[in-house]
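Chain by chain, the residues run as shown.
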Amino acid sequence: MFLKSTKMFNLSVVICLVFSFCAQVSAKDVNYINISDPFVKKTPVAVTQFKAFNGSAIEKSDGERAKQILVSALDFTGYLKTMNPVAFLANPAQMGIERDKINFRDWTGIGAELLITGGIKSTHSGDIMLELRLFDSFTTRLLTGNRYTGPRSQLREMVHRFCSDVSYKLTGKRGVFGSKITFVSTVNGHKEIFVCDFDGQNIEQVTSHKSISLSPSWSSNSKWLAYVTYSRGRPEIFIRNIMSKKSSVISYKGMNISPDWMPGQNSLAATLSFSGDQEIYLLTLKGEIIKRITKSWGIDVSPKFSSDGKKMAFTSKRTGTPQIHVKDIETQKVRRLTFKGMNNTSPSWSPDGKRIAYVGIEDNQINIFVINIDSGMPVQLTMDAGDNEDPCWSSDGSMLVFTSSREGRVPRVFVMNASGTDQRRLLRMSGKQNQPDWSLSQN
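Just so you know, these numbers come straight off a predicted model, no measurement behind them. (Residues numbered from 1 in each chain as written. Predicted model: local features only at pLDDT ≥ 70, side-chain atom pairs only at ≥ 80, totals over all residues. Heavy atoms only, no water.)

S.K.: Would you mind showing me how to read the sheet that holds strand E26 (residues 365-372) here?
M.R.: One key point about sheets: their strands pair by backbone hydrogen bonds, in either a parallel or an antiparallel sense. Reading across from one edge, E24-E25-E26-E27 is the order of the four strands in this open sheet, with antiparallel pairing throughout. Two strands bound the open sheet, and with one partner strand each, they are strand E24 (343-349) and strand E27 (378-380). Taken over all neighbouring pairs, the strand axes of this sheet differ in orientation by 30 degrees on average, direction set aside. (Pairing = 2+ DSSP bridges. Helix = DSSP H or I, 4+ residues; strand = E, 2+ residues; numbered from the N terminus. Axes fitted to C-alpha atoms, helices over the stretch in contact; angles between N-to-C directions.)

Next up, the structure:
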């Protein structure tokens, strides 16, 4: 058995690459589930009770909490569906969580295509050891099996690390489990910047300007946040390091708005109006201008880079009404992307570079659309459910986070699958929330 030790969120993780001979998984097993398929059906997965290796009450309690975290995370994906334990015919926590102790006909017989077993143990140092396995119920193969050791306070991170491994084995992508979402929320009449985990948990207020703060944007390494604030009387862009709290300010004459980071670099694009017109510039962390990206009459705002940094989508009125345009950074060529509707704004590029989500206004209704870059064919994702704005893709391209007023006139943050299905509210907090931005996964 080959063992490798790594660290994640101060969590010591020991990954057992081979629990048994059948744990060897070839590359062809990747892409088990095509998350890009708009008609993909949710795969049923059975998550069993976790085994308490020493039988202690604290292990049983920790095991139940770990199971609930796991079930919640898997259901969040939109392509997995955890099964009701009432239907289970066996209990691996009693019989054994290893492959040779499992009668897989007990699971295929109730329709479970995947099976997850787990066990937990308290260590002498006060830490916990969590052992998790994912099986294909029909082939009986062990798809992935990991062991994690760390403090009890890191149990949620342990489970989510396993979810990332599950996602990789099933889809070829790590999923959203190590990502965070930043957003704007009102606090005592002011607009402040917040961050939370991918599932809306662990909400934290980042700013306390007691003013208007808008348009938060994650850097590609998730270490920096750029946002617009009126805290000094006019729109300026603040850049803040999440860990060290170091910050800088972009403050040119006029407007400084709509920041977006260049992938893989410590530079960002933003709209500045010091020249008299709203144009997009590329800037350093300190706000120094590297180069001017757009030059045309009419406003150019809302830059959004493709994941490889070679293209930039943005909103422009150069053709008369706000429309989405795409610029090739190398060739400098610009083409108009949207033609349907008189007002199309807020582009967001899918991670694979094939689609752009945006906001379109038609018949006085504000909705979210996705357009194919090559065909130029738009698909409407929201309809007949209030105003829907601010779309942003998850790092694996399987989901979108967005703002909706469907529960009244107050905007809230929602998520949906990339095909527009499973639209549900993400955050449960007071005030108004909008302008979400989804970080890359750090797992």
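S.K.: Even after reading the chapter, I still don't get the environment of Gln332, so can you show me in this structure?
M.R.: With respect to the element layout, Gln332 can be found in the loop between strand E22 (323-328) and strand E23 (334-336). On the basis of relative accessible area, Gln332 is assigned to the partly exposed category, the value being 40%. Between the alpha carbons of Gln332 and Thr294 there is a distance of 9.0 Å; along the sequence they are 38 residues apart. Side-chain polar atoms of Gln332 contact the backbone oxygen of Ile329, separated by 2.6 Å. (Buried < 20%, exposed > 50% of the residue type's maximum accessible area, 1.4 Å probe, protein only. Polar contact = N/O pair within 3.5 Å; in protein donor to acceptor, adjacent residues only side chain to side chain.)

S.K.: How do you make sense of the sheet that holds strand E9 (residues 180-187) when you look at a structure like this?
M.R.: The strand order across the open sheet formed by four strands is E11-E10-E9-E32, and the pairing between neighbours is antiparallel. Looking along the sheet, the strands with just one partner apiece sit at the ends: strand E11 (204-205) and strand E32 (433-438). Relative to E11, strand E10 (residues 190-197) is paired through two bridges, and the arrangement is antiparallel. Opposite Phe194, over in E11, you have Gln205 as the bridge partner.

S.K.: It is not clear to me how the confidence of the model for the chain should be interpreted in this structure. Could you clarify?
M.R.: If pLDDT is low for a region, its predicted coordinates should not be looked at in detail. A residue-level look at the chain finds 93% of positions with pLDDT of 70 or above and a mean pLDDT of 91. Overall, residues 1-30 carries pLDDT values under 50, and its contacts beyond four positions in sequence, including any with other chains, amount to 71 contacts. (pLDDT = per-residue confidence, 0-100. Contact = heavy atoms within 4.5 Å.)

S.K.: How should helix H4 (residues 155-171) be read in this particular structure?
M.R.: For an α-helix, 3.6 residues make a turn, and residues three or four places apart therefore share a direction. The terminal C-alpha atoms of H4, which comprises 17 residues, lie 24 Å apart, in line with the 24 Å expected from a rise of 1.5 Å per residue. Summarising burial for H4: 14 of the 17 residues are buried, a large majority. Of the residues one or two after H4, Gly172 is the one with positive phi, at around 85 degrees. (Expected span 1.5 Å × (residues − 1).)

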